[in-house]
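What the coordinates show
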Amino acid sequence: MSKEEPKELRRGWTTGACATAATKAAYQALLTGDFPDPVEITLPKGGTASFALTRHTLSGKSASAAIVKDAGDDPDVTHGALVSATVNLLSPGSGVVFRAGEGVGTVTRPGLPIPPGEPAINPVPRQMMRTAIDEVSQLNGGAGDVEITVSIEGGAELALKTMNPRLGILGGLSVLGTTGIVRPFSCAAWIASIHRGIDVARAVGLSHVVGATGASSEDAVKARYDLDETAFLDMGDFAGGLLKYLRSHPVDRLTLAGGFAKFTKLAQGALDLHSARSSVDFEFLQDLLRQENASADLIEQAASANTAKEVLDASLVAGIDLSGPLARRTKDAVRQILRDAPVDVEVLITDRQGKVLGETGFDR
């Protein structure tokens, strides 16, 4: 039987692209009395995209348009959300002013591309909207002095599933996107959020940050240290994304916390700890057992194990705890990834209940 060809994943549109289309439609209605539907926008790296309007209203010097976001096949929390823009005419010379409507957050901490006090509308979407205003002005004789209020229906609740609260973005989601296009299942957005988390931590003067692979390992760190919420970077599987950024953007102290299997892969040198992108090398675990003077039978048994946990459990039955040695080997691998960055590292190996099984200190 022939193997089926993998289905090509469908691309979608960023929140910034949707907000731009809504802005363009609303402003054009203000100048002409008619909403373009569909409305076409220019993408930052060339090309255009068209969007159908879900609803629109026009009243005096104010117009609103809304678009349902289609993120394609990307598991984006904003897929299907209603993104709207209300455009109000301002007095000459006012320029373009951005406001956060319902469901769009406000920046409250330094270190992000947008300063505190501003709506969480990133630089590229802002420029996209300014470009759209300019295009409509040139075609229809407008001055381009407008207030743009972007809203995302249900955004405050959706934001709780993102890193926004930790980054100090309060009240809703961020309006994001650098190309206007969502490329499905890209890791770039998660890694970018880790980088922004480090930027914010450094900007507010935090000297100790945490990279955890999941909620239970993060809880273990919270039980140990009284750290600001901003210190927790939601590393997940992207250890490389965190560690490589810390090379050039160091902090004084880094605690890494994760389970035995994930950190086995990190100790092996894997930078992406997801099960689909890296795997446990059981020869590595056999070597760790040899280091701990395990019996030949236990070492041989490890070769046919199904999981790293199976090896750990068998070693514990034999009176050998591999968690401590693995923590040390993980730290060695992390130091190699960090190179000469002035970051003191601590590694915690945790179980699924958040109990620390093995650890290293911060000493280099």
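Overview of the structure. From a predicted model like this one, the values you see are computed outputs, not experimental measurements. (Residues numbered from 1 in each chain as written. Predicted model: local features only at pLDDT ≥ 70, side-chain atom pairs only at ≥ 80, totals over all residues. Heavy atoms only, no water.)

Their axes nearest at 8 Å, the elements helix α7 (residues 239-248) and helix α12 (residues 323-338) cross at an angle of 50 degrees. Considering their axes alone, α7 and α12 lie oblique with respect to each other. Residues L243, K244, L246 and R247 of α7 pack against V334, I337 and L338 of α12. (Axes fitted to C-alpha atoms, helices over the stretch in contact; angles between N-to-C directions. Helix = DSSP H or I, 4+ residues; strand = E, 2+ residues; numbered from the N terminus. Parallel < 35°, antiparallel > 145°, perpendicular 65-115°, else oblique. Contact = heavy atoms within 4.5 Å.)

Below, the discussion takes up the packing of aromatic side chains. By the definition in use, this model includes two aromatic pairs. When the ring centre of F232 is taken as reference, the NZ or CZ atom of K222 above it lies at 5.3 Å. Sitting over the face of the ring of F362, R253 holds its NZ or CZ atom 3.8 Å from the ring centroid. (Phe/Tyr/Trp six-rings, centres within 6.5 Å; stacked < 30°, edge-to-face > 60°. Lys NZ or Arg CZ within 6 Å of the ring centre and 35° of its normal.)

We now examine the sheet that holds strand β7 (residues 96-100). Taken in spatial order, the five strands of this open sheet run β4-β5-β6-β10-β7, and their pairing is mixed. Only two strands of the sheet have a single neighbouring strand rather than two, namely β4 (55-59) and β7. Shown here is a sheet whose adjacent strand axes are inclined to one another by a mean of 15 degrees, direction ignored. Looking at chain direction, β4 and strand β5 (residues 62-68) are connected through five bridges and run antiparallel. Bridged to H56 within β5 is A65. (Pairing = 2+ DSSP bridges.)

With that out of the way, let us pick up the side chain of K265. Relative to the elements of secondary structure, K265 occurs in helix α8 (residues 260-268). One buried charged residue, K265, remains without a salt bridge, the closest side chain of opposite sign being D237 at 6.2 Å. Excluding anything up to four places from it in sequence, K265 contacts A270, L273, H274, S275, S278, S279 and V280. (Buried < 20%, exposed > 50% of the residue type's maximum accessible area, 1.4 Å probe, protein only. Lys, Arg positive; Asp, Glu negative; His and termini not counted. Salt bridge = Lys/Arg side-chain N within 4 Å of Asp/Glu carboxyl O.)

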